[in-house]
Amino acid sequence: MGNGYWEAKAKSEATQEGQMAVAAEHSTDGQRETCPRWWGSETQATHRREGEAGRNILKEGKMRDTSRPQIVSTKLRQIAKQAVEYPEMVFTTLIHHIDVDFLKEAYRYTSKTAAPGLDGITAKDYAVSLDENLQALHDRMRSGRYKAPPVKRVWLDKDDGRKRPIGIPEFEDKIVQRAVAMLLGAVYEQEFYDFSYGFRPGRSAHNALHELREQSMNKNVGWIIDADISGFFDNLGHSELIDIIKLRVNDGGVIRFIGKWLNAGVVEEETLSYPEKGAPQGGVISPILSNIFLHHVLDEWYDKEVEPRLKGRSYLIRFGDDFVIGCELEEDARRVMAVLPKRFGRFGLSIHPEKTRLVSFRKPPRNQKKGKGMGTFDFLGFTHYWAKSRRGNWVIKMKTVRKRLRRAMKRAWCWCRNHRHEPLREQYRMLCLKLRGHYQYYGVRGNYRMMEKRAPCHALRELPPEVAGVRDE
């Protein structure tokens, strides 16, 4: 399973370019910078991948030494192999793997286009003296002098009109977070369940949506628990998270760094505060920490305690802190619904009483010729419902959640209004990028009507004549 993880990681990196919609809907880290296209040996003509042997050759014939990425890859593979072979072992010596080469590899995986933190230093600024900066960073980490800087807080609009806090770390801090996240990922990726899809290599929201549809139809699921955790990142308990991590990784250096990030502080409008709980949503380390926490609180609990006690078939699909549970029998669904708040309450979290609901999602009878099924629920930006296929069979279809569609149209309109004085070619280029991201995520089977009639494509349909030639180039 360890080798499969790294193969999936390499595959996901090769296909991530152009898949921008998930980031647009669920992240503020921006687009990933396109990596240089390094090539393998001329005889093999292989793309550069982490862990490949030999030296890489540019298309122009220039050589590049890949021994450093290989060393880092070997370290992570060995950690992953140990995690598979010794599932009960507690890792106590991991932090020593982080050296200058490891930090350089973490730098390579860190987004270069995200917004800068409080110090205003961008990736371009940091790369001017990259080797010297990484060496100084490593020296501070080894001597214990590294201090996690506070994060800059910004607010994003949510579908219900409220605001969502997003934390933006400084670029150098992102590198350290990425390095620690790589270590944790090598251990925990071997333990995460297949029904966990969020922020994992080789997995996407589309994979989760496909699995939800197949599980619901194959297991004759008639009841859906549409759950919502109240302010997960805002209410995540520091001590509870550390205790869960220590069950598998009890390295003092790793735990110390995680504690620094949890207590680094937040700056909002020049005011510094130190929240007693929560983790900044937007940090590089936050996705793996949330997956570790919910793996213990929800995934393991469901697999080992809940599912064996149910009378009918069921499934769990989780993407980050969003999850749904499907049950074949109403009795099982109500039992799980009753115990969910108690389970999360043990770890300082709560299930939103109004947003969490039990949905009757039974397949309509065969003799029903028209119409749709009774219940619907929203998950990952799509409304799921029963409807007739072209062949006359009842199938589960998806369409864009209306709130998400209105939000996308409003953002496109606001962007056009705020950038109307820019050159038309630049407006056209940016609109194409934004709309392409929307279509790549929401362009799924059965959603054509929402894409064609309601999507914000009118921004391109009514282009002025001056831009007409741009589309022909």
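Residues numbered from 1 in each chain as written. Predicted model: local features only at pLDDT ≥ 70, side-chain atom pairs only at ≥ 80, totals over all residues. Heavy atoms only, no water.

1. Notes on the overall build of the protein chain
Put simply, the rule is: Runs of H or I in DSSP of at least four residues are treated as helices and runs of E of at least two as strands, each being numbered from the N terminus. Only protein chains enter the accessibility calculation, which uses a 1.4 Å probe; a residue is then buried when its area is under 20% of its type maximum, exposed when over 50%, and partly exposed in between. Contacts: residue pairs with any heavy atoms within 4.5 Å of one another. For every accessible area listed, the method is Shrake-Rupley and the probe measures 1.4 Å; residues are considered covered only by the protein chains on display.
Scanning the protein chain from terminus to terminus reveals 17 helices and 13 strands. Within the protein chain, the fraction of its 473 residues that count as buried is 46%. The long-range fraction of contacts in the protein chain, counting pairs at least 24 apart against all pairs at least 6 apart in sequence, stands at 67%. Of the accessible surface of the protein chain, which amounts to about 24,900 Å², a share of 49% is contributed by carbon and sulfur atoms.

2. What to know about the pattern of salt bridges
We apply this condition: The working definition used for a salt bridge is a side-chain nitrogen of Lys or Arg within 4 Å of a carboxyl oxygen of Asp or Glu.
Tallied over the entire structure, the rule returns 16 salt bridges. Asp-299 is the salt-bridge partner of Arg-318, the closest N and O atoms lying 2.8 Å from each other. Of this pair, Arg-318 sits in strand S8 (residues 314-319) while Asp-299 is found in helix H12 (residues 286-306), placing the two residues 19 residues apart along the sequence. Residue class for Arg-318 comes out buried when judged on its relative accessible area of 0%. The salt bridge partner of Glu-331 is Lys-311, with a shortest N-O separation of 3.1 Å. With a gap of 20 residues between them, Glu-331 in helix H13 (residues 330-345) and Lys-311 in the loop between H12 and S8 connect regions that are remote in the sequence. On the basis of relative accessibility, which here comes to 59%, the residue Lys-311 falls in the exposed class.

3. A closer look at the packing of H12 against H13
To keep things clear, this is the line we draw: Whenever a helix is involved, its axis is fitted only over the stretch in contact; in every case the axis is a line through C-alpha atoms, and angles between N-to-C directions fall within 0 to 180 degrees. Just so you know how the angles are binned, under 35 degrees is roughly parallel, over 145 roughly antiparallel, 65 to 115 roughly perpendicular, and the rest oblique. Crossing handedness is defined as follows: a turn of the near helix away from the far one that is anticlockwise and smaller than a right angle gives a left-handed crossing, while the clockwise case is right-handed. Polar here means any residue outside two lists: the nonpolar Ala, Val, Leu, Ile, Met, Phe, Trp, Tyr, Cys and Pro, and the charged Asp, Glu, Lys and Arg; Gly therefore counts as polar.
Across the interface, H12 lies against H13 with an axial gap of 11 Å and an inter-helix angle of 140 degrees. As summarised for this structure, H12 and H13 are arranged oblique, according to the angle between their axes. Seen from above, H12 lies across H13 with right-handed handedness. Where H12 approaches H13, its residues Leu-294, His-296, Val-297, Leu-298, Trp-301 and Val-306 are matched on the opposing element by Val-336, Val-339, Leu-340, Arg-343 and Phe-344. Residues that form the contact of H12 with H13 fall into these classes: nine nonpolar, one polar and one charged.

4. Examining the sheet that holds strand S10 (residues 357-360)
Heads up, the condition is: Two strands are counted as paired when DSSP detects at least two bridges linking them.
Spatial ordering of the open sheet is given by S8-S9-S5-S10, a layout of four strands whose pairing is antiparallel. Edge strands, defined here as strands with exactly one partner in the open sheet, are S8 and S10. Across this sheet, the average inter-strand angle for adjacent strands is 20 degrees, counted without regard to direction. Direction of pairing for S8 relative to strand S9 (residues 322-327): antiparallel, over a ladder of six bridges. Residue pairing across strands places Tyr-315 opposite Gly-326, the latter belonging to S9.

5. Comments concerning helix H11 (residues 252-262)
To be explicit about the condition: Polar contact is defined as a pair of N or O atoms within 3.5 Å, subject to the rule that within protein one atom must be able to donate a hydrogen and the other to accept it, and that residues adjacent in sequence are counted only when both atoms are side-chain atoms.
Buried within H11 are the following residues: Gly-253, Val-254, Ile-255, Phe-257, Ile-258, Trp-261 and Leu-262. Its side-chain oxygen 2.7 Å from the backbone nitrogen of Gly-253, Asp-251 forms the N-cap of H11.

6. A closer look at the packing of aromatic side chains
To be explicit about the condition: For this analysis, a ring pair means two rings from Phe, Tyr or Trp (six-membered ring only for Trp) whose centres lie within 6.5 Å, classed as stacked if their planes differ by under 30 degrees, edge-to-face if by over 60, and tilted for the remaining angles. Working rule: Lys NZ or Arg CZ, within 6 Å of ring centre, within 35 degrees of ring normal, means a charge sits over the ring.
Per the stated rule, a full pass over the model turns up 17 aromatic pairs. Taking the centre distance of 6.2 Å and the plane angle of 80 degrees together, the rings of Phe-293 and Phe-347 count as edge-to-face. In this pair, Phe-293 sits in helix H12 while Phe-347 sits in the loop between H13 and S10, placing the two residues 54 residues apart along the sequence. For Phe-293, a relative accessible area of 0% puts it in the buried group. Exposure remark for Phe-347: the relative accessible area of 11% places this residue in the buried category. Among the aromatic residues, those joined into a ring-pair cluster are Phe-232, Phe-233, Phe-293 and Phe-347. In this arrangement the basic side chain of Arg-108 is found over the ring face of Tyr-109, its NZ or CZ atom lying 4.7 Å from the centre.

7. Digging into the nonpolar core
Here is the rule we go by: In this description, a nonpolar core means a group of buried Ala, Val, Leu, Ile, Met, Phe, Trp, Tyr and Cys residues linked to one another through side-chain atoms lying within 4.5 Å.
Counting 103 residues, the largest nonpolar core has Leu-184, Phe-293 and Phe-344 as the members making the most contacts within it. Of the residues forming this core, the biggest block, 12 residues, is contributed by helix H7 (residues 171-188). When near neighbours in sequence (up to four residues on either side) are disregarded, Phe-293 contacts Phe-232, Leu-236, Glu-240, Leu-241, Ile-244, Phe-347 and Leu-349.

8. Structural notes on the confidence of the model for the protein chain
A low pLDDT means the predicted coordinates there should not be read in detail. Put simply, the test is: For every residue, the predictor states its confidence as a pLDDT score lying anywhere from 0 to 100.
Per-residue confidence for the protein chain gives a mean pLDDT of 82, with 79% of residues at or over 70. Below a pLDDT of 50 lies the segment residues 1-65, which in the model reaches 115 contacts outside its immediate sequence neighbourhood of four places, other chains included. Counting interchain partners and residues more than four positions distant, the pLDDT-below-50 stretch residues 459-473 has 18 contacts.

9. Some thoughts on helix H10 (residues 238-246)
Rule in force here: By construction, the arc corresponds to the directions joining the helix axis to the C-beta atoms.
Listed in full, the buried residues belonging to H10 are His-238, Leu-241, Ile-242, Ile-244 and Ile-245. Buried residues of H10 fall within an arc of 160 degrees about the axis and therefore sit on the same side. The inward-facing, buried residues of H10 contact H7, H11 and H12.

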